[in-house]
Amino acid sequence: MLQAWPKRIGRWLAILLLGGCFGFPLYWTLTMAFKPEDEWNPPGKVFWWPGHWTVSNFTNILGIQGETSIFATGRSKSALTPIEHSLIAAGLGTLLALAVGVFAAYGIARFRAGGRMLPFQILQLRMFPPIAIIIPLLFMWVYLGLWDTLQGLIILYAAVTFPFVVWLMRSFFQEVPREVSEAAIVDGCTQWGAFFKAVLPQAKGGLAATALFVFILNWSDFLIALVMTQDHAKTAPVYLQSLQSGASGQEYGNQAALAMILIMPPAIFGLAIQRYLVRGLTFGAIKR
Amino acid sequence: MEAHTTELPVRQAPKRRLPDLGGRSEGAVSRLLIAPGQLLMLFIVAFPAAVAIYIGFTEWTPTSGDNVWGAYHYWHWFDGYWEALRSGGFWHSVWLTLLITVVCVGVEFLLGFLLALLFLKEFRGRGLLTLFFLLPMMVVPAVSGFIFFMLFQVDGPVNQGLTAILPGGVIHVHWLDDPSLAKWSVMTVDIWQWTPLMFLILLSGLVALPEDQMNQARILGASFWHQFRYLILPMMKPIILIALIIRAIETFKLFDSAFLLTGGGPGDATQTISVYLYRQVIINARWGYASAVAIIILIFVSAAGAFAVRPIEQAQEETLEGLVGGEEQVAAQRVEEAIAAEARI
């Protein structure tokens, strides 16, 4: 017992120190979102804690009219449209990736479709720097009229996250015993019926986790939207960045408010599927 | 459990044509299942790759008057490739990216392992604290870029905090404007964001280590270092390898934090490969040259990828105390189940 004390204190000190380092950036942003403008970045002074709490940053950035709203007068565009774009592109991109990827995953898991190498070819897709793939796609998108449209963004998001769907769903389908589909077929189902009525319900949890995981990936994208959109389909992360380079000086508080809004969906979904995060980010190689 | 009797013949003769009423044969079904995926890959990989190879042999830019299809007017064979291989800017970004990858993945691994060891034993608030340490991983990368942009300002909280803690005068470190410091600031963002993933992967590996052996070693008087060196490390090897590879792949693609923090600057101080390509395309509008560079990168990554894929492939097949498992293990399980089921009847 006596020996255990220094050890315990040491562990707690280490956790506190690391926790401080990892927690501070988020703490700073969270409090920044509630600071009034004169506390954002006053020269030679620092507000570790908001002196006067305010929600005007949120009302500003969302374009809600208020007495201090600079966006209502100075800027016609609030963050609402970009957020809407992000929701549509990430949501529909996820659905499309699922629609294509779930079938491929089942084919690979159940029938070894495409041979042993197909899954690894799909994995290699993830290794290429996205910008290297985006350059030729940029020609194509401009040529096809898909550049700066939500449709174009949805297709790209689906293509980029499709490997994750295949690898994740493959690992989930492998957990469903082969007997499930065989029994369904004996009971008179077609292969498709067996898939939809017997196998898919068994992998329901995995499907939900995959959907949320892929949504997080799409929602987090910055590079694709930066290159592939301009005005009509700008997503929220790109909008956040455009505020940074704005001529009107720094808008830390407003940006922090938007940042907190952007963090919310991934944080909630991520904690909800915490069990599957490792599996997702390691392409199903580690199943815990 | 009446299904068992009807199920058995199917298992004994899996090759026999299944009595599918109106369904299609397995071969046709499996081809149909992966067809949309293959189509998407063709659309997103094969066609663009062809375009990139074509454009890479030319000096074409969108401002040159011709459209993409007329790019052959600017044909110059491998000149773009030679230019890239001889250009200092290209190699600078390659070495910078490799440096960032090695440093970031190394630090993330060490910090992640330390955290995982700290969280191995049960203590009060462990679950909640684990969630707390996972948070940075969920932050949208554009947001984490913005956060550190705020923190690293010359009169920002990092300098102000250091001024308060350290003795001496006011500290004015130019985290983002100093060419030799900027890359370390960019690395900080990556380390902050992705150490949690290392932590999570390694913790899940540590938790699954066989407790009996660990206790045995402890009772036999093995020091912590020896337990670590001869027990934990060898057993964790597959997982560590996967974690390192996955992070290395992702870090090699680093763009967001460099672009958001410094825009690749000052000068080319934080110009990673991705930022280099971005600048060539968007700022210099040298599409032909950028395509050539992209092809070089793709070849390089494919070659490296052939090595990187193997451990992941192995992990899918290896059985490590049920921790890492793939098809083979599931198949083996299935065989066991099958034998057990048959023995019952």
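Residues numbered from 1 in each chain as written. Chains lettered and ligands numbered in written order. Predicted model: local features only at pLDDT ≥ 70, side-chain atom pairs only at ≥ 80, totals over all residues.

A.B. asks: With reference to specific residues and values, describe the interface of chain A and chain B.
C.D. replies: In this assembly, 86 residues from chain A lie in contact with 92 residues from chain B. In terms of residues, the side of chain A that touches chain B owes the most to one element, helix H1 (residues 4-32) of chain A, which gives 11 residues. Split into classes, the residues belonging to the side of chain A that touches chain B amount to 59 nonpolar, 20 polar and seven charged. (Contact = placed C-beta atoms within 7 Å. Helix = DSSP H or I, 4+ residues; strand = E, 2+ residues; numbered from the N terminus. Nonpolar A, V, L, I, M, F, W, Y, C, P; charged D, E, K, R; others polar.)

A.B. asks: Any chance you could break down the domain arrangement of chain A for me, citing the residues and the numbers?
C.D. replies: The figure often quoted for interface size is the accessible area lost as the parts come together. Residue and element names in this part refer to chain A. Taken domain by domain, chain A holds domain 1 (4-73) and domain 2 (80-281). When each unit is reduced to the centre of its C-alpha atoms, the spacing between domain 1 and domain 2 is 31 Å. Listed by contribution, the elements that provide at least two residues to the side of domain 1 that touches domain 2 are H1 and helix H2 (56-61). Looking at which element gives the most residues to the side of domain 1 that touches domain 2, the answer is H2, with four residues. A per-class count over the side of domain 1 that touches domain 2 returns seven nonpolar, five polar and two charged. (Domains from an automatic or database assignment.)

A.B. asks: Lay out the environment of Leu96(A) in plain terms, naming residues and giving numbers.
C.D. replies: All names here are of chain A. Within the element layout of this structure, Leu 96 appears in helix H4 (residues 80-111). Leu 96 sits in the buried class, given 21 other C-beta atoms within 10 Å. Through-space distance from the C-alpha of Leu 96 to that of Gly 20 is 40 Å; in sequence the pair is 76 residues apart. Setting aside anything within four residues of it in sequence, one finds Leu 96 in contact with Ile 154 and Ala 158. (Buried ≥ 20, exposed ≤ 12 C-beta atoms within 10 Å, placed from the backbone.)

A.B. asks: Pulling in residues and values, what's your account of helix H9 (residues 211-219) of chain B?
C.D. replies: By the criterion of burial, H9(B) is predominantly exposed, with just zero of the nine residues buried. Positive phi shows up at Gly221(B), right after H9(B), with a value of about 95°.

A.B. asks: Report on unusual backbone geometry, specifying residues and quantitative values.
C.D. replies: As a rule of thumb, non-glycine residues mostly have phi less than zero, and peptide bonds are mostly trans rather than cis. A positive phi is found at Asp148(A), a non-glycine position, where the angle reads about 60°. With respect to the secondary-structure elements, Asp148(A) resides in the loop between helix H6 (130-144) and helix H7 (150-174). Classification of Asp148(A) by C-beta neighbours within 10 Å gives partly exposed; the count is 16. Phi is positive for Ala285(B), which is not a glycine, with a value near 55°.

A.B. asks: Please provide a residue-by-residue account of the nonpolar core, values included.
C.D. replies: Among the nonpolar cores identified, the biggest contains 186 residues, and Ala105(A), Ile135(A), Val165(A), Ala259(A), Val143(B), Leu277(B) and Ala294(B) are the most heavily contacted of them. With 17 residues, the top contributor of residues to this core is H7(A). If you count residues domain by domain, this core takes at least three from each of domain 1 (4-73) and domain 2 (80-281) of chain A. Once residues lying within four places of it in the same chain are set aside, the contact partners of Val165(A) are Ala97(A), Leu98(A), Gly101(A), Val102(A), Ala105(A), Thr210(A) and Val214(A). (Core = buried A, V, L, I, M, F, W, Y, C linked by C-beta atoms within 7 Å.)

A.B. asks: Please set out helix H9 (residues 191-202) of chain A residue by residue, giving values where relevant.
C.D. replies: In a regular helix each residue adds 1.5 Å, so 12 residues correspond to 16 Å; H9(A) covers 15 Å between its end C-alpha atoms and thus fits that length. Three or more residues of H9(A) are buried, namely Gln191(A), Ala194(A), Phe195(A) and Val199(A). The buried residues of H9(A) all sit within an arc of 95° when viewed along its axis, so they share a single face. Contact partners of the buried residues in H9(A): H4, H7 and helix H8 (178-186) of chain A together with helix H2 (26-56) of chain B. (Expected span 1.5 Å × (residues − 1). Arc of directions from axis to C-beta.)

A.B. asks: Got a sec to walk through the environment of Leu114(B)? Specific residues and values, please.
C.D. replies: Residues and elements named next belong to chain B. The residue Leu 114 is located in helix H4 (residues 88-118) in this model. On the basis of neighbour counts, which here come to 16 C-beta atoms within 10 Å, the residue Leu 114 falls in the partly exposed class. In the structure, Leu 114 is positioned 88 residues away from Leu 202 in sequence and 9.6 Å away in space, judged by C-alpha atoms.

A.B. asks: Can you explain the packing of H4(A) against H2(B)? Please cite residues and give values.
C.D. replies: Where H4(A) meets H2(B), the axes come as close as 8 Å, and the angle between the chain directions of the two elements is 140°. As summarised for this structure, H4(A) and H2(B) are arranged oblique, according to the angle between their axes. When you trace H4(A) past H2(B), the crossing you get is left-handed. Note on element contacts: H2(B) touches H4(A) through Glu26(B), Ser30(B), Leu33(B), Ile34(B), Pro36(B), Gly37(B) and Leu40(B), opposite Val100(A), Gly101(A), Phe103(A), Ala104(A), Tyr106(A), Gly107(A), Ile108(A) and Phe111(A). Of the residues that constitute the contact of H4(A) with H2(B), the class distribution is 10 nonpolar, four polar and one charged. (Axes fitted to C-alpha atoms, helices over the stretch in contact; angles between N-to-C directions. Parallel < 35°, antiparallel > 145°, perpendicular 65-115°, else oblique. Left-handed = near helix turned anticlockwise from the far one by under 90°.)

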